[in-house]
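Each chain, written out:
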Amino acid sequence: MSGAAPHPPKVMGVADLAMFYIVTGVSLRWIATAAAFGPSSIVIWIGALLGFYLPFVLAIVELSSRYPQEGGLYVWTRQAFGSYIGFMAGWSYFTSNLPYFPSVLYFDAGNALYIGGTRWLYLRDSPAFFMSFALLALLFITVVNIVGLRFGRWLHNVGAVGMWGPALIVIVMGGLAWWNYGSATAFTPDSFVPVFDVQHMIVWASIAFALSGAETASFMSGEIKDPRRTIPRALPIAGVVIVSSYVIGTFAVLLAMPSSEVNTLQGLIQAGAVAAQRLGATWIIVPLALLITIGNLGAASGFLSCAARIPFAVGIDRLLPPVFARVHPKWGTPYVAILVQGGLGAVLCILGQAGTGVKGAYDVLVSMGIIAAFLPFALVFLSVIRLQGQPPGAAVTRLPGGRFTSTVFACIGLATTLAALVLAAFPAADEPNKVLAVIKIFGLTAVLLGSGTLVYVLGQRAARRAV
């Protein structure tokens, strides 16, 4: 991309970036998802940490130091495999965030009900409430992101507190409930052994996906102060918080309530409410629900912020109409890309709900998001392997052992990613209409990727005519 291309201002330092990684890296819904499968999920968390998160972070650090431009994995895969693969990696990641928004906001809506105490809980099975909440939240975070990171980063920073704060509260309360009344879950050696059936293995893909997020800030490298130094400093700080929140948070939920009673849409707040009732501290439920609501709004805002930089970067490369490369005259943000991202997320919210209940819509949206995100993640690992033949340069961050070590970790991450892709295609065990769910997952994913190819071809033609 040309040095004269328009860019938003550089506003993010190490502290802002660490908080951004936390708000996009910790998703409280996955604690509930994991806890619903019992103590064995704790072992799966550790496996996902070693098999996916660590290799992914190492890949991000190396690739972002090789190519620190705005655009992240779009730029990396373009450098490794050419413009079409780069475009499709960016497009797939961009589209993965479309089902992400309604799915995370459905989770947020379920937890927000507890802000009203017991008065609002009658809405927990209301598709109209969940859809309305998701659409209004999308509108709010779209406006925040158009105003820009100068202000939006404060929502991300507060959202980061709303992510690790509730996890810490539930951890403390779960520990107190266990100390006073004993554990609600029997932790035996056998209970930690993973169960190798389809129902349990499907959740493994979700747990691996939960540990993504290290890629987010790289899309906004042009808005980070000295990204080659700031990204490697912020990632380890955030990583400790992210992994601790997931592993210890899952353990705390299981201390508070049996896995069979955990609702994946409301599990964390459920556990907090159960522990609070046992401890006579029900007053904490409302602030806990408020923190979770703010945290998930911050996360959705963070992902909208980073994903919108993909069509912005592609627009600068003239593979999308030039309007995508425009920045707002007052706030300096890629406002057209942000509006498109928010608008398409709203469309996916409506389509995902069609013909199913709240839980069914949530499961379909999650599966679509995992598949569309893991396809470019696989390309990230392949890019690491492919680019080992290029001289690293003095500014590139390499692991001890250089090419060999980077290749080994990339292969480990690639194998985990491919396994997660296969598992994500299976519908949930409690989905009443499995055929419809599979058709939605594959059909909508095929439409999203097919439309990407069409957009690329049309963009190439337009670029040739403009020369």
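How do you make sense of the overall build of the protein when you look at a structure like this?
For the protein, the helix and strand inventory stands at 16 helices and zero strands. Out of the 467 residues in the protein, the part that is buried amounts to 59%. The contacts of the protein with a sequence gap of at least 6 include a subset with a gap of at least 24, amounting to 83%. Per element, the accessible surface of the protein, about 17400 Å² overall, is 71% carbon and sulfur.

Help me understand the packing of aromatic side chains in this model?
The relation between two aromatic rings is expressed through the spacing of the ring centres and the mutual angle of the planes. Taken as a whole and assessed by the stated rule, the structure comprises 22 aromatic pairs. A centroid spacing of 6.1 Å and a plane angle of 45° characterise the contact between Trp91 and Phe94, whose relative ring orientation is tilted. Of this pair, Trp91 and Phe94 both sit in helix α5 (residues 83-112), three residues apart, roughly one helical turn. Since its relative accessible area comes to 16%, Trp91 is described here as buried. The exposure class of Phe94 is buried, given its relative accessible area of 5%.

Explain the environment of Thr230 here, please?
Here Thr230 shows up in helix α9 (residues 227-256). Taking the C-alpha atoms as reference points, Thr230 and Val14, 216 residues apart in sequence, are found 5.5 Å from one another.

Before we go on, may I ask you to explain the confidence of the model for the protein in this structure?
If pLDDT is low for a region, its predicted coordinates should not be looked at in detail. Here the protein shows a mean pLDDT of 81. Residues at 70 or above account for 89%. Predicted confidence is poor over residues 1-5, with pLDDT under 50, and the contacts of this stretch with residues over four places away or in other chains come to seven contacts.

Teacher, can you tell me more about helix α4 (residues 73-81) here?
A turn of α-helix holds 3.6 residues, and therefore any two residues three or four places apart point the same way. Burial runs high along α4: seven of the nine residues are buried. Of all the positions in α4, only Leu73, Tyr74, Val75, Trp76, Thr77, Arg78 and Ala80 are classed as buried. Of the residues one or two after α4, Gly82 is the one with positive phi, at around 100°.

Scoring rules and cut-offs
Residues numbered from 1 in each chain as written. Predicted model: local features only at pLDDT ≥ 70, side-chain atom pairs only at ≥ 80, totals over all residues. Heavy atoms only, no water. Helix = DSSP H or I, 4+ residues; strand = E, 2+ residues; numbered from the N terminus. Buried < 20%, exposed > 50% of the residue type's maximum accessible area, 1.4 Å probe, protein only. Contact = heavy atoms within 4.5 Å. Areas by Shrake-Rupley, 256 points an atom, 1.4 Å probe, with all protein chains shown as cover. Phe/Tyr/Trp six-rings, centres within 6.5 Å; stacked < 30°, edge-to-face > 60°. pLDDT = per-residue confidence, 0-100.

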